[in-house]
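# Structure at a glance
In case you want the letters, here they are:
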Amino acid sequence: MVDSGKIPHAIMLHEDDGGGAFPIVQAFLQYVYCKNREGGDSCGACPACGKVSKLIHPDVHYIYPVNTGSSVDFVAEWRELAKANPSFTENELSDALGIEGKTAMIKVEEAKKVLDVLSLYALERGYRALVIYLPEKMNREAANRLLKAVEEPPEKTLFLMITHAPDNVLPTISSRCLRLRVMPRKGMFRSVGQAEDPELMRRLMQSVLARDLVAALEAADALAALPSRERAKGFCKYAAERLRFVFLLQQGLESMVEVPESELAELRDWANRCPKTFPRKAADALSRAQGLIERNVNVKILFTELADRFYTAI
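Residues numbered from 1 in each chain as written. Predicted model: local features only at pLDDT ≥ 70, side-chain atom pairs only at ≥ 80, totals over all residues. Heavy atoms only, no water.

Assigned secondary structure in the protein consists of 13 helices and 5 strands. For 314 residues, the compact-globule estimate of 2.2 N^0.38 gives 20 Å, and the protein sits close to it at 21 Å. Viewed in the frame of its principal axes, the protein has a C-alpha envelope of about 65 × 40 × 35 Å. Once local pairs closer than 6 in sequence are excluded, the contacts in the protein between residues at least 24 apart make up 75%. Of the accessible surface of the protein, which amounts to about 15100 Å², a share of 51% is contributed by carbon and sulfur atoms. Taking the average place of the 42 positive charges on the side chains of the protein and the average place of its 42 negative ones, the gap between the two points comes to 4 Å. (Helix = DSSP H or I, 4+ residues; strand = E, 2+ residues; numbered from the N terminus. Rg over C-alpha atoms; globule rule 2.2 N^0.38 Å. Contact = heavy atoms within 4.5 Å. Areas by Shrake-Rupley, 256 points an atom, 1.4 Å probe, with all protein chains shown as cover. Lys, Arg positive; Asp, Glu negative; His and termini not counted. Charge placed at Lys NZ, Arg CZ, Asp CG, Glu CD.)

So this is what it looks like as structure tokens:
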């Protein structure tokens, strides 16, 4: 796209949490700004390449969900995390910004500030770029404000978005983007879960597979005891990832299940013991639970309902 001079003004990359879309965005921007491209790659040595790699290019702006203030208030923490671990997860970003357990979003004030900056001339007379991490976390006002710019972008302006839930992005924004799916790298074995999530998922699955409702409700109580709503949402994402693997195994697509061998045997057991309709129904229940968590519904109630839906689906 860069070599042809036909770069879409808006690109949305859909990744699994921690799936490597941010390094792709950085490599793309480095190629866009590089003064000495060669062999289909940036040189990595010119001043422009150095600025992009250090996340200090004056014409590249980053916004991401925060709890208070705006992204610029956390720029030092953002740069430190992104340089040390470019394939970071949502939880790792929350930890780095010191907002773990708090509700984070991209607010309309943030969108206004960034769009004001983009309305100015590029300092280095090239492209201006806005990288939006998790556009699905923009509130309605921010999304509508951004929509106007995406519909009628200023000349030589790029919007690069990284999403984990494209269906939750404002449809009128999503429809104006070139959408690219970033598949997990083979052998990466990256999980979105925290340390206790595998054991909690195991307890829930073993209880519903054994048709033990009491044990399933006890597993729900353990989930409700997670230390924060962010951790509760993290479990829902981890569980959904595992159910996707169960679905793939049931369809005979084991080659697409990228997990360590130690986990594969357990996933095979679940796939053999549950109906083929279960992964879809359970995934719908997890999606509902995650939405309720974001609406501040009582976690004990919603995880009790989740356990009941799992039990019924089996």
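Packing of helix α9 (residues 213-224) against helix α13 (residues 299-313) leaves a shortest axis separation of 8 Å and a crossing angle of 145°. Here α9 runs over α13; the crossing is right-handed. Side by side, α9 and α13 meet where L213, A216, L217, A220, D221, L223 and A224 of the first sit next to V299, K300, F303, T304, A307 and Y311 of the second. In terms of residue class, the contact of α9 with α13 is built from 10 nonpolar, 1 polar and 2 charged. (Axes fitted to C-alpha atoms, helices over the stretch in contact; angles between N-to-C directions. Left-handed = near helix turned anticlockwise from the far one by under 90°. Nonpolar A, V, L, I, M, F, W, Y, C, P; charged D, E, K, R; others polar.)

This part takes up the sheet that holds strand β5 (residues 178-182). Here we have 5 strands laid out as an open sheet, ordered β2-β3-β4-β1-β5, and parallel in their pairing. Here the strands that pair on one side only, and so sit at the sheet edges, are β2 (60-63) and β5. The average undirected angle you get between the axes of adjacent strands in this sheet is 15°. Taken together, the 5 bridges between strand β1 (residues 10-15) and β5 define a ladder with parallel strand orientation. Paired with M12 across the bridge in β5 is R179. Along the sheet, helix α5 (residues 108-118) contacts β2, β3 (128-133) and β4 (157-163); its crossing angle with β2, the most-contacted strand, is approximately 175°. (Pairing = 2+ DSSP bridges.)

With respect to the element layout, D16 can be found in the loop between β1 and α1 (21-33). When the C-alpha atoms of D16 and V182 are compared, they prove to be 7.7 Å apart, with 166 residues separating the residues in sequence. Polar side-chain contacts of D16 include one of 2.9 Å to the side chain of R181. (Polar contact = N/O pair within 3.5 Å; in protein donor to acceptor, adjacent residues only side chain to side chain.)

This brings us to unusual backbone geometry. We note that L55 has phi near 60°; this positive angle belongs to a residue other than glycine. One can find L55 in the loop between α2 (47-53) and β2. On the accessibility criterion, L55 (5% relative accessible area) is buried. (Buried < 20%, exposed > 50% of the residue type's maximum accessible area, 1.4 Å probe, protein only.)

Attention now moves to the nonpolar core. Residues F303 and F310 are the most contacted members of the largest nonpolar core, which totals 43 residues. The dominant element in this core, judged by the number of residues it contributes, is helix α10 (residues 229-250), at 10 residues. Ignoring anything within four residues of it in the chain, the contact list for F310 reads L204, M205, V208, L243, F278, A282, A285 and L286. By size, the runner-up hydrophobic cluster in this structure holds 40 residues, among which are F22, L29, L93 and L158. (Core = buried A, V, L, I, M, F, W, Y, C linked by side-chain atoms within 4.5 Å.)

This part covers the environment of K137. With respect to the element layout, K137 can be found in the loop between β3 and α6 (140-151). For the pair K137 and E90, spaced 47 residues apart in sequence, the C-alpha to C-alpha distance is 12 Å.

Within the structure shown, the criterion is met by 10 aromatic pairs. Where F278 meets F310, the ring centres are 5.5 Å apart and the plane angle is 90°; that geometry is what we call edge-to-face. Taken as a pair, F278 in helix α12 (residues 278-294) and F310 in helix α13 lie far apart in primary sequence, 32 residues in all. Both residues of the pair, F278 and F310, belong to the buried class. The structure contains a cluster of three or more aromatic residues connected by ring pairs, namely F22, Y62, Y64, W78, F88 and Y133. K156 extends its terminal NZ or CZ atom over the ring of Y127, reaching a point 5.0 Å from the ring centre. The ring of Y311 is capped by R211, whose NZ or CZ atom sits 4.1 Å from the centre of that ring. (Phe/Tyr/Trp six-rings, centres within 6.5 Å; stacked < 30°, edge-to-face > 60°. Lys NZ or Arg CZ within 6 Å of the ring centre and 35° of its normal.)

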